[in-house]
Structures are given as structure tokens and as C-alpha cells.
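Fold and geometry: a report
So you can see what is in the structure, the chains are spelled out below.
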Amino acid sequence: MLSTESYQMVMSELLNKYPDLSVCSEDFEKVFRKLSETFRTGGKLLVCGNGGSASDSEHIVGELMKGFMTRRPLSEEQRSLFHSLFPEDGAYLADHLQGALPAISLVSHSALMTAYANDVAADMVFAQQVFGYAKAGDTLLGISTSGNSHNVIRAMQVAKAMGVTTIGLTGEGGGRLAEICDVTIRVPWRKTPDIQERHLPLYHTLCILLEKEFFS
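1. Section: the packing of aromatic side chains
Inspection of the entire model under this criterion finds 2 aromatic pairs. Geometrically, the ring pair formed by Tyr7 and Phe32 is tilted, given 5.5 Å between the ring centres and 40 degrees between the ring planes. Linking Tyr7 in helix 1 (residues 4-17) with Phe32 in helix 2 (residues 25-40), this pair joins segments that are 25 residues apart in sequence. Relative to Phe214, the ring of Phe39 lies with its centre 6.2 Å away and its plane at 90 degrees, an arrangement referred to as edge-to-face.

2. Considerations on the state of the cysteines
Counting across every chain of the model gives 0 disulfides. Here Cys24 stays unpaired: no disulfide links it, and the sulfur of Cys181, its closest cysteine neighbor, is 14 Å away. Counting only cysteine sulfurs, Cys48 is the nearest neighbor of Cys207, a cysteine outside any disulfide, at a range of 16 Å. By relative accessible area, Cys207 is classed as buried at 2%.

3. Describing the packing of helix 1 against helix 2
It is at 13 Å that the axes of helix 1 and helix 2 come closest, and there the two elements cross at 135 degrees. When the interaxial angle is binned, helix 1 and helix 2 end up oblique. In terms of crossing hand, the pair formed by helix 1 and helix 2 is right-handed. In contact with Tyr7, Met11 and Leu15 of helix 1, helix 2 contributes Ser25, Phe28, Glu29 and Phe32.

Here is what the cut-offs are and how they apply
Residues numbered from 1 in each chain as written. Predicted model: local features only at pLDDT ≥ 70, side-chain atom pairs only at ≥ 80, totals over all residues. Heavy atoms only, no water. Phe/Tyr/Trp six-rings, centres within 6.5 Å; stacked < 30°, edge-to-face > 60°. Helix = DSSP H or I, 4+ residues; strand = E, 2+ residues; numbered from the N terminus. Disulfide = S-S within 2.5 Å. Buried < 20%, exposed > 50% of the residue type's maximum accessible area, 1.4 Å probe, protein only. Axes fitted to C-alpha atoms, helices over the stretch in contact; angles between N-to-C directions. Parallel < 35°, antiparallel > 145°, perpendicular 65-115°, else oblique. Left-handed = near helix turned anticlockwise from the far one by under 90°. Contact = heavy atoms within 4.5 Å.

Written out as C-alpha cells, the structure reads:
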């Protein structure tokens with residue numbers, strides 16, 4: 001469990017580098033608490049965005065599903081299970097697996113996305129995946145510099161209907177994401193490159209804190 005002191009130390013490092021992000025501190029903490037609750041209760045994180053934000057979606061999942069700042073070794077109980085089932089390979093399996101926080105990027109499924117865009121509706125490609133993957137207790141993180149990306153908004157609408165926690169990561173204006181999401185982190189910039197440059201340290205810090213929360 002992450003201590004208050006550890007949380008404050010990590011946040012201090014972020015804000016020392018990016019003092020302009022201090023206006024996001026309150027919403028950032030809400031996002032951290034909501035994601036902690038999601039993972040603690042057996043839920044998962046879904047992430048979506050377009051263009052550079054699609055790359056950010058992949059990046060976030062990469063930091064959560066494997067060791068980021070620490071290796072996250074398996075517990076002795078988990079190791080023993082692999083040894084008992086596979087005496088010859090159990091040690092290898094246990095040595096090369098790491099603790100994971102379950103997260104899925106919705107931007108990666110090219111066959112499904114292109115089929116849905118062609119056959120049904122392009123603005124529903126993320127929404128369909130939310131409908132298929134999500135359950136109450138999960139969280140959807142939508143990344144949009146404008147806050148108005150149609151396919152991200154559609155995904156949020158479906159998530160709301162399913163009892164999924166909704167989080168937005170956007171720019172100063174917030175757009176429709178700020179209206180529909182449970183929590184929206186709005187970085188205080190308006191140009192797309194400036195917004196994206198601040199999104200990265202925010203989600204890096206979020207991943208560091210979550211790793212400390214569950215794998216320290």
C-alpha cells in the first residue's frame with residue numbers, strides 16, 4: 001500500500017519538473033484513487049485515443065502490464081503453482097513472469113476496427129469494444145487533446161450505461177469529455193503538441209504510483 005509520504009514525494013518530483021501541472025493535482029489524485037479501487041476489486045482498465053493519443057494508449061498499457069520502475073516478481077505461492085504443474089519448466093515460467101495490472105488498449109485491434117468502421121459506424125469502433133470487454137467496476141480512460149473526439153465520446157457513453165468509471169485526459173478546454181466523465185484531467189494548454197507533451201509525464205507518474213501501490 002502506498003503511503004501518503006510516498007505519494008507526495010512522487011508528486012513533488014512531477015511538479016518540480018512541470019509546475020504548470022499543479023492545477024491538475026486534485027483531479028489527478030481522484031484518478032489515482034479510482035484506478036486503485038478498480039484494480040483492488042478485480043477490475044481492469046480500458047484505454048483509447050486517436051493519433052498521438054492512440055500511441056499514448058499503447059504506452060500506458062505497456063507500463064501497467066509489466067514492471068515499469070520495479071520488476072514485480074511473482075509471489076512464492078504463484079511460483080509454487082508453476083513448479084507443481086510443470087516441474088521442468090516451472091522455474092523458467094516463474095522467473096519470466098511479472099505482476100500485472102490488467103489493462104487493454106482499444107486502438108490495437110485493426111481487423112475489428114476496420115471491419116466495424118466499414119460495416120457499421122466509424123465513430124463506434126471503441127464503443128463496441130467497451131460493450132464487449134467492460135463490466136461494472138472497470139474503468140475507461142479516454143485521451144483526446146480537444147476533448148471532443150467522436151469515437152472516444154461514444155465509448156464514454158456506452159461505458160456510463162454499463163456502470164464503468166469514466167476518466168478523461170484532455171486539454172484546457174475539456175470539451176465534451178469534461179461534461180461526461182466522472183473525472184477529467186485538463187492540462188492547462190490549448191495547442192495539441194503542448195497538451196500531448198504534458199500528458200506523458202502525467203500518465204508516467206500515474207503508472208509509477210499504481211506500481212508502488214500494488215507492488216512495493
